[in-house]
Amino acid sequence: MKKTSIIHMAVCASIAVYAVVFATGCQKKQTAAVPETAEPEEIVYAVKGFKVSPGNLDEYLEFGGDVAPVSSVDVIPDQAGKISRILVNVGDSVQKDEILAYVDASRPGMNYKASPVKSPIAGRVVSFTPTIGSTVSQSMSIAKISSTNDLEIKTSVAERFISRIKNGQQATVSFDAYPDVKFSAQVFEVSPVLDTSTRTMAIKLRITPPDSRVKVGMYARIRLVTDSVQDAIVVPSSAIVSREGESYVFIVSGTSGEGKGAVRLQSVTKGITVDDKTEITSGLSVGDIIIHQGQSLLNDGSSVNVLSVEGGDA
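All residue numbers refer to position in the chain's written sequence, counted from 1. Local features in a predicted model are, by the rule used here, given only for residues with pLDDT of at least 70; side-chain atom pairs are given and counted only at 80 or more, and totals for whole chains, interfaces and linings are based on all residues. Excluding hydrogens and water, the side-chain figures rest on all heavy atoms present in the structure.

A.B. asks: Just checking my understanding: could you explain the overall build of the chain for this structure?
C.D. replies: Elements are defined by DSSP. Helices are runs of H or I of four residues or more, strands are runs of E of two residues or more, and each kind is numbered from the N terminus. Along the backbone of the chain there are one helix and 22 strands. The buried label goes to any residue with under 20% of its type's maximum accessible area, the exposed label to any with over 50%, and the partly exposed label to all in between, with areas taken from a 1.4 Å probe on protein chains only. Of all 314 residues assigned to the chain, the portion counted as buried reaches 32%. Split by element, the accessible area of the chain, about 19200 Å² in all, is 52% carbon and sulfur. The protein chains shown are the only cover counted for residues, whose accessible areas, like all others here, come from Shrake-Rupley with a 1.4 Å probe.

Have a look at this one:
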């Protein structure tokens, strides 16, 4: 019995030693299989920059208008009768009191001397409707005389814009006949009242200087400057991002142009916006390079690769 117990104890001890050795070996293998932790790679964003420089910005309104003569008068005969003679053609220039036609008031058994029809103003004949033999009356306009050398552009402005309109404002005007030409104009008359049926205010502009290419009846496309800033910091509107209701731009630091660098999130104050450009009244300085393309994923401190820089002297 004692011999059997000794053998049994020896076998158990051998098994225990083998288990320890086996466990130790497994542990070493598991430890060797665990890789070391690798550092995350830095993300570099490809972007395009814009170099801030002073610029001008003109806020404007656009609308259409018609070219009309400053003065236009209907010609009415002093006597009823038939047109016996016509001395002018449409397009002719006439002087004040120049005879345009004669009206014969004679009737059967009554002969009268032909009555002259005179121009009330100096200008150009823009219409003459009767023909020889036509009957006219003292309440009938037979012609129209306009001062075509002194033209104006008539238009109306919607009520919501009238606070931005005043005398002396500058405008540029274009016409379909000359699509590549910009004519200068200026507001010289603003109506003190609004049309109650259309809720619009009538204004008049004058081409400055006068240009013979502009004709009565032309349709004018008007761009009226309502506000202007000079030597202001003007940036692409696309460069401005909104975060929690505030306006920001990303300024590039660590590089003076193209190349790798980092960005800084900068709060800015916006002024007027015209088309795709915005005035910045505070937060930027001349010479700053800001991101205007590729900034949607950026955060403060992000690394960037500036592919190109526009604006300024870049």
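A.B. asks: It is not clear to me how the sheet that holds strand β7 (residues 115-118) should be interpreted in this structure. Could you clarify?
C.D. replies: Taken together, four strands build an open sheet; the order of strands is β7-β6-β4-β9 and the sheet is antiparallel. The sheet is open, and its two edges are formed by β7 and β9 (135-136), each paired on a single side. For two strands to count as paired, DSSP must find a minimum of two bridges between them. Across four bridges, the pairing between strand β4 (residues 81-86) and strand β6 (residues 99-104) is antiparallel. What sits directly across from Arg 85, in β6, is Tyr 102.

A.B. asks: Quick question: what am I supposed to make of the sheet that holds strand β3 (residues 72-75) here?
C.D. replies: The strands making up a sheet associate through hydrogen bonds between their backbones, and the pairing can be parallel or antiparallel. Spatial strand order, β3-β10-β8-β5: four strands in an open sheet with antiparallel pairing. The strands lining the two open edges of the sheet, one partner per strand, are β3 and β5 (93-94). Sheet topology note: the β5/strand β8 (residues 123-128) ladder contains two bridges and is antiparallel. Within β8, the position partnered with Ser 93 by the bridge is Arg 124.

A.B. asks: How do you make sense of the pattern of salt bridges when you look at a structure like this?
C.D. replies: A side chain of one charge can pair with a side chain of the opposite charge when the charged atoms of the two come close. We define a salt bridge as a contact between a side-chain nitrogen of Lys or Arg and a carboxyl oxygen of Asp or Glu at a distance within 4 Å. All told, the structure shown has 10 salt bridges when counted by the stated rule. Where Glu 62 meets Arg 223, a salt bridge forms, and the shortest distance between an N and an O atom there is 3.0 Å. You can see Glu 62 sitting in strand β2 (residues 54-69) and its partner Arg 223 sitting in strand β15 (residues 219-236), a full 161 residues away along the chain. Notably, a salt bridge pairs Arg 206 with Asp 150, separated by 3.7 Å at the nearest N-O pair. Taken together, the residues Arg 206 in strand β14 (residues 200-207) and Asp 150 in the loop between β10 (143-146) and β11 (151-158) connect sequence positions 56 residues apart. According to the relative accessible area criterion, Asp 150 is partly exposed, its value standing at 31%.

Remember that the coordinates give geometry; whether it matters functionally is a separate question.
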